[in-house]
Amino acid sequence: MVTMKRSVIILCVLFLAQFAYGAAPVRYSVSSPDGALEFVLQGEQWSLLRDGHVVIAPSSLGLALDDGTVFRPGSRPPRVSRAATDAVRDARFYKKTSVRDRYNEMRLRYRDFDLVVRAYDAAVAWRIEAHRKSGFKVLDDFTEFAFPTDCEAWFPYVRQNRETLSSQFNNSFENTYTHSTVSGYDASLLTFLPITLRSEQGELVCITEASLLDYPGMYLYNPDGALRLKGVFAPYPKTVRQGGHNNIQEEVVEREDYLAVCSAAEKFPWRVVNVAENDAALLDNDIVWLLSEASEGDFSWVKPGKVAWDWWNDWNIGGVDFASGVNTRTYCHYIDFAAANGIEYVILDEGWSVEGKADLLSVVPDIDLKGIVDYASARGVGIILWAGYYALARDMENIFRHYSAMGVKGFKVDFMDRDDQSMVAFYERAASLAAKYRLVLDFHGAFKPCGLQRTWPNVLNFEGVFGLEMMKFFDAATDQMENDVTIPFARMVAGSLDYTQGAMRNASRENFRPVVSEPMSQGTRCHQLALYTIFLSPLNMLCDTPTAYTKERECLDFIAGVPTVWDETRALSGEIGEYVVIARRKGNDWYLGAITDWQPRDITIDLSFLGAGPHKAVVFQDGANAHRLASDYLRKEMLLDTALTVHLAPGGGFTAKISLAR
């Protein structure tokens, strides 16, 4: 026994001597199943390699706690365990019905924390898990991402409240992408996730997070032009007050000196680095979904679908014998339109409850809400109510109970505009409580999705995107076309998005202007139609007025028929910021979408995935004059074989419904 004790002591001394005399620290690594990606932890820093070259250079991770504890892996040798998983997971209300879950896992166990790493073929993710005796507060989070060389980057900078870095924690998470470099980062601004970069070898690298449930969301920041992006997190709110837009927001007056209050067994969010060998490979990425907790319970009652929406078109309906606006007759008109065209929902956006009171039980006199709900129910249409954050959060269960009993099907929750710990926790609390009352949710004014839709499938959508609604206010200098062909390689990697497409007034770059009451889109009609396939949106808006759609019957019939959830997705081709081509299948039908930036282009689409043809297709393509008259399009029926060449006008698009020819 004495000899064994002496041996242990000698080994410990030798291990410590390695550090004392400058020997390299022990290297711990885990590789993806295909062997291409390798996560390496050496000392206190982690790195990521692909096929032997460095994608993420040595970078810090760890936590500082309120009791003086500083956790940094590498401070002492861990206990190492490994596992491998290869399974197929059922998915619902998603872009496919099943997802392969294949990864290798390494768990490094330290005294109070574990570092868990999962290596997939398309991404590597890591997170910290606590196993302490008591709860704690996090004072600092050391997450960072360093790069071996300068690289291209697409940053969605915070757009509002730019006076200081701390003021930027209050923002709507809506901005276009700045195409820059890591060294060219604007040090006065924070950027929210996801961000996408191009490595020296040409891969696309998309950084985001998953399973964010009770911790502040991560921003990235580069204060000094170095090749390193540091994680930044909003401190916990200390004092809040009612205010903001129409008095329905919660404004942070003062923040604490800590980031989060955590349990003894806290599981922190996954930090995710997606790596795609070519741009198209990033278009069909499931990592955020896979890293999130699976749902429990019965969600068979959840109904995805499309929505006849009022706010973007400013309630502008024509050919009726009443004054349109926020009133009962207008909404009955929207309901009639939805019922006649197989549209599942109508939203009553802002204005149905008394403005300024933040009281969702106080309905304006011109709205007979019970009458509207009953009228819609009799016609097979569901009603979704818009709700300002504070008005809902202050009395959430009572509001959900009341309107669920009335027959309302869900809520569009807006103006959260933060992602500190208390606000992040609100999302899951709202999802859980809404599920209790069988209500669906659309989070508007929201940060990016982090997998909550898998855990709570009644959460059908998130905004967190610079969508079409912004073009009511932004002039032609805002390049919405470049934005549209960047979103699939960045924001959409995180999950579905409430972009609110479907404009019937379309404009070339030269003719576009912002109009609040009769808004238009940049780009062509077919660009708008293609977005219903390109963007993933289980709850998808028809943003224009029933009057406009009724005059455009061909387009309306196509939009009304496009599914909002899918059985299969194929990313066909694309280059970030330039163009994208995606195909999605529902049942026996494929839908094909292609869009471009302001650069016209001819693209050849490989259709071999369809199998032996020919295949019958209904096609919408840019018209011969779409470069000047953006609403010009051509609809035709044709047979498709193994390839298709299409011309995209500036800001153009192409879309098709493809069926097996009989």
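This write-up is about the structure you can find in this document. (Residues numbered from 1 in each chain as written. Predicted model: local features only at pLDDT ≥ 70, side-chain atom pairs only at ≥ 80, totals over all residues. Heavy atoms only, no water.)

With that settled, consider the overall build of the chain. Each helix and strand in the chain was counted, giving 13 helices and 40 strands. Seen through its C-alpha atoms, the chain measures out along the principal axes to roughly 95 × 55 × 45 Å. For the chain, buried positions account for 59% of its 662 residues. Here the contacts in the chain between residues at least 6 apart in sequence split such that 70% fall between residues at least 24 apart. Accessible surface computed for the chain: about 24,700 Å², of which carbon and sulfur atoms make up 48%. Side-chain charges of the chain comprise 67 positive and 85 negative groups, with the mean position of each set lying 6 Å from the other. (Helix = DSSP H or I, 4+ residues; strand = E, 2+ residues; numbered from the N terminus. Buried < 20%, exposed > 50% of the residue type's maximum accessible area, 1.4 Å probe, protein only. Contact = heavy atoms within 4.5 Å. Areas by Shrake-Rupley, 256 points an atom, 1.4 Å probe, with all protein chains shown as cover. Lys, Arg positive; Asp, Glu negative; His and termini not counted. Charge placed at Lys NZ, Arg CZ, Asp CG, Glu CD.)

Spatially, β7-β8-β9-β10-β23-β17-β16-β13-β14 is the arrangement adopted by the nine strands of the open sheet, whose pairing is antiparallel. For this open sheet the edge positions go to β7 (79-90) and β14 (178-181), each flanked by a neighbour on one side alone. Each neighbouring strand pair of the sheet contributes to a mean axis angle of 20°, computed without reference to strand direction. (Pairing = 2+ DSSP bridges. Axes fitted to C-alpha atoms, helices over the stretch in contact; angles between N-to-C directions.)

A few words on the pairing of strand β33 (residues 568-575). As paired strands, β33 and strand β34 (residues 579-586) are joined by seven bridges and run antiparallel to one another. Bridging across to β34, A571 finds its partner in I582. Between β33 and the antiparallel strand that follows it, β34, lie three residues; G577 among them carries a positive phi value of about 80°.

Right, let's talk about the state of the cysteines for a bit. Working definition: the covalent bond between the sulfur atoms of two cysteines is a disulfide. All told, the structure shown has zero disulfides when counted by the stated rule. No disulfide involves C543; its sulfur sits 12 Å from the nearest other cysteine sulfur, which is in C555. (Disulfide = S-S within 2.5 Å.)

The next subject is the side chain of T143. Structurally, T143 is set in the loop between β11 (136-141) and β12 (144-146). Within the structure, the side chain of T143 is placed 2.6 Å from the side chain of D141, a separation counted as a polar contact. Setting aside chain neighbours within four positions, we find T143 in contact with S60, L61, W126, M218, K230, G231 and R271. (Polar contact = N/O pair within 3.5 Å; in protein donor to acceptor, adjacent residues only side chain to side chain.)

Our next topic: the nonpolar core. Of all hydrophobic cores here, the largest spans 203 residues; its most connected members are W46, V346, F400, F411, F426, Y427 and F443. The dominant element in this core, judged by the number of residues it contributes, is helix α7 (residues 421-436), at nine residues. Residue contacts for F411: discarding those within four places in its chain leaves I384, L385, A387, I399, F400, Y403, L439, V440, L441 and D442. Core analysis: the second largest hydrophobic core is formed by 20 residues, W590, I603, V619 and L640 among them. (Core = buried A, V, L, I, M, F, W, Y, C linked by side-chain atoms within 4.5 Å.)

Moving on to unusual backbone geometry. Here the residue pair L193 and P194 is connected by a cis peptide bond, since its omega of -5° sits within 30 degrees of zero. A positive phi angle, near 55°, is found at F93, a position not held by glycine. Residue position: F93 is located in the loop between β7 and β8 (98-109). The backbone of D417 shows a phi angle near 55°, a positive value even though the residue is not glycine. Looking at where D417 falls in the secondary structure, it is placed in the loop between β27 (410-414) and α7. With a relative accessible area of 12%, D417 lands in the buried category.

Glancing now at the layout of surface pockets. Its volume calculated, the largest pocket comes out at about 580 Å³. At the level of elements, β21 (249-255) and β27 are the ones that each hand at least two residues to the lining of the largest pocket. The leading source of residues in the lining of the largest pocket is β21, at four residues. Tallied by class, residues from the lining of the largest pocket come to eight nonpolar, 10 polar and 13 charged. (1 Å grid on protein atoms, 1.4 Å probe; cavity = no way out; pocket = protein on both sides within 12 Å on 5 of 7 lines; lining within 4 Å. Points joined across faces, edges and corners; volume = space filled by probe spheres on them. Nonpolar A, V, L, I, M, F, W, Y, C, P; charged D, E, K, R; others polar.)

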